[in-house]
There are 2 protein chains.
Amino acid sequence: MTSGTNSSAPSRKPTRQQAAVAELLERSDDFTSAQTVHARLREAGAGVGLATVYRTLQSMVDAGTVDVLRTDDGEAVYRACSTHHHHHLVCRSCGRTVEVEGPAVEKWADKVASEHGYTGVTHTLEIFGSCADCTAADA
Amino acid sequence: MTSGTNSSAPSRKPTRQQAAVAELLERSDDFTSAQTVHARLREAGAGVGLATVYRTLQSMVDAGTVDVLRTDDGEAVYRACSTHHHHHLVCRSCGRTVEVEGPAVEKWADKVASEHGYTGVTHTLEIFGSCADCTAADA
DNA sequence: TCTCAAACTGAAAATGATTGTCAAAACCGT
DNA sequence: ACGGTTTTGACAATCATTTTCAGTTTGAGA
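Since the structure is predicted, the reported quantities are computational estimates derived from the model, not experimental observations.

Not every one of the 21 residues close to DNA strand D is listed here, only the nearest: A:Thr15, A:Arg55, B:Tyr54, B:Gln58 and B:Ala76. Within 4 Å of the protein, the contacting atoms of DNA strand D are drawn from sugar and phosphate to the extent of 70%. Taking A:Thr15, its side chain carries an N or O atom lying 2.6 Å from a phosphate oxygen of DNA strand D. Looking at the surface near DNA strand D, the elements that each hand over two or more residues are helix H1 (16-27) and helix H3 (50-63) of chain A together with helix H3 (50-63) of chain B. It is H3(B) that contributes the most residues to the surface near DNA strand D, five residues altogether. Of the residues that constitute the surface near DNA strand D, the class distribution is six nonpolar, nine polar and six charged.

Another point: the nonpolar core. With 27 residues, the main nonpolar core has A:Leu89, A:Trp108, A:Tyr118, B:Leu89 and B:Trp108 as its most contacted residues. Not counting the four nearest positions on each side in its chain, A:Leu89 is found in contact with A:Arg96, A:Thr97, A:Val98, A:Val100, A:Ile127, B:Val112, B:Ala113, B:His116 and B:Tyr118.

Let us now look at the pattern of salt bridges. This structure, assessed with the given rule, holds four salt bridges over all chains. In this structure, the salt-bridge partner of A:Asp133 is A:Arg96, at a minimum N-O distance of 3.2 Å. Residue A:Asp133 is found in helix H5 (residues 132-138), and its partner A:Arg96 is found in the loop between strand S4 (87-91) and strand S5 (97-100); the two are separated by 37 residues along the sequence. Owing to a relative accessible area of 41%, A:Arg96 belongs among the partly exposed residues under this scheme. Across the pair B:Arg79 and B:Glu99 runs a salt bridge, and its minimum N-O distance is 3.1 Å. With B:Arg79 in strand S3 (residues 76-80) and B:Glu99 in strand S5 (residues 97-100), the pair connects residues that are 20 residues apart, well separated along the chain.

When two helices pack together, their arrangement is captured by the angle between the axes and the distance separating the axes. Residues and elements named next belong to chain A. Put simply, helix H2 (residues 34-43) and H3 touch, their axes get as near as 9 Å, and they point 125 degrees apart. With respect to H3, the axis of H2 lies oblique. Here H2 and H3 pass one another in a crossing that is right-handed. Taking contact as the criterion, the partners of Ala 34, Gln 35, Val 37, His 38 and Leu 41 in H2 are, on H3, Leu 50, Val 53, Tyr 54 and Leu 57.

Procedures and definitions
- Residues numbered from 1 in each chain as written.
- Chains lettered and ligands numbered in written order.
- Predicted model: local features only at pLDDT ≥ 70, side-chain atom pairs only at ≥ 80, totals over all residues.
- Heavy atoms only, no water.
- Near = heavy atom within 4 Å.
- Polar contact = N/O pair within 3.5 Å; in protein donor to acceptor, adjacent residues only side chain to side chain.
- Helix = DSSP H or I, 4+ residues; strand = E, 2+ residues; numbered from the N terminus.
- Nonpolar A, V, L, I, M, F, W, Y, C, P; charged D, E, K, R; others polar.
- Core = buried A, V, L, I, M, F, W, Y, C linked by side-chain atoms within 4.5 Å.
- Buried < 20%, exposed > 50% of the residue type's maximum accessible area, 1.4 Å probe, protein only.
- Contact = heavy atoms within 4.5 Å.
- Salt bridge = Lys/Arg side-chain N within 4 Å of Asp/Glu carboxyl O.
- Axes fitted to C-alpha atoms, helices over the stretch in contact; angles between N-to-C directions.
- Parallel < 35°, antiparallel > 145°, perpendicular 65-115°, else oblique.
- Left-handed = near helix turned anticlockwise from the far one by under 90°.

Structure representation (structure tokens):
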């Protein structure tokens, strides 16, 4: 129900395709959709099946090595991120992303939730804006 | 490009279908998907076309009378909310939703963003957990 | 009230991301 | 090399959402 690929095993050696997806993500700074990853890999010669891209991305999310969020139109986008808890400051135009932390926010969310009797609390927080370069370009 | 239905006009009298969708949302406490709204209206006798449900929901979002967010699987869900800026505390099991405010969080987000040179900042923040009732039921 | 154009509706078809299927291919330990 | 397990990938199936387009409704004016 969680992954289907591997669940609790110490993780095998990544296959060529898995490595390709992982490396592509490492190289790009912004969130990238599965479709785009697939297209880029194809262009780069190292073709990887679309289904495999989705599967790999999912297991990476499960493994916590990749963050995922949804664009306004519901498309899932992925990004290789640091493993500790953080949030994202994303440029609305170019996608440039900065990881940010806000310990105070975490505490606030937990407090508010427990005040209302909620347990097992998690939260999502993304900040959007126009980065300096894009703001300048718009002028 | 924004709505197609109405954009800057002082808004006409709502049609029977639009009223039906609006009333249904008013009556339900939790976030509801377009598909569900459509199904409920159909059951209730007052049938409204699926396309119309989507169109109506969208213009309500544009008008700011309804909040929208995405479930984990990317489905859009809607809820009639107060018009001032707020966030949601949503029960993961039953969907029970509480509107919460966090002025400090707003300021923090703006500050962090501007520190990184981002302008025109917006953000999304949702808190998920298991409400008291559901936590009890699980025991 | 009659008329016409603009706005609205809805059934059906189109779209597009994501997932499921399943036979072939890559791997692994023996 | 051999049998068993895992992964892959082309393709079909799903499913929410959008678009199309012809028929209906609405509103302002004659």
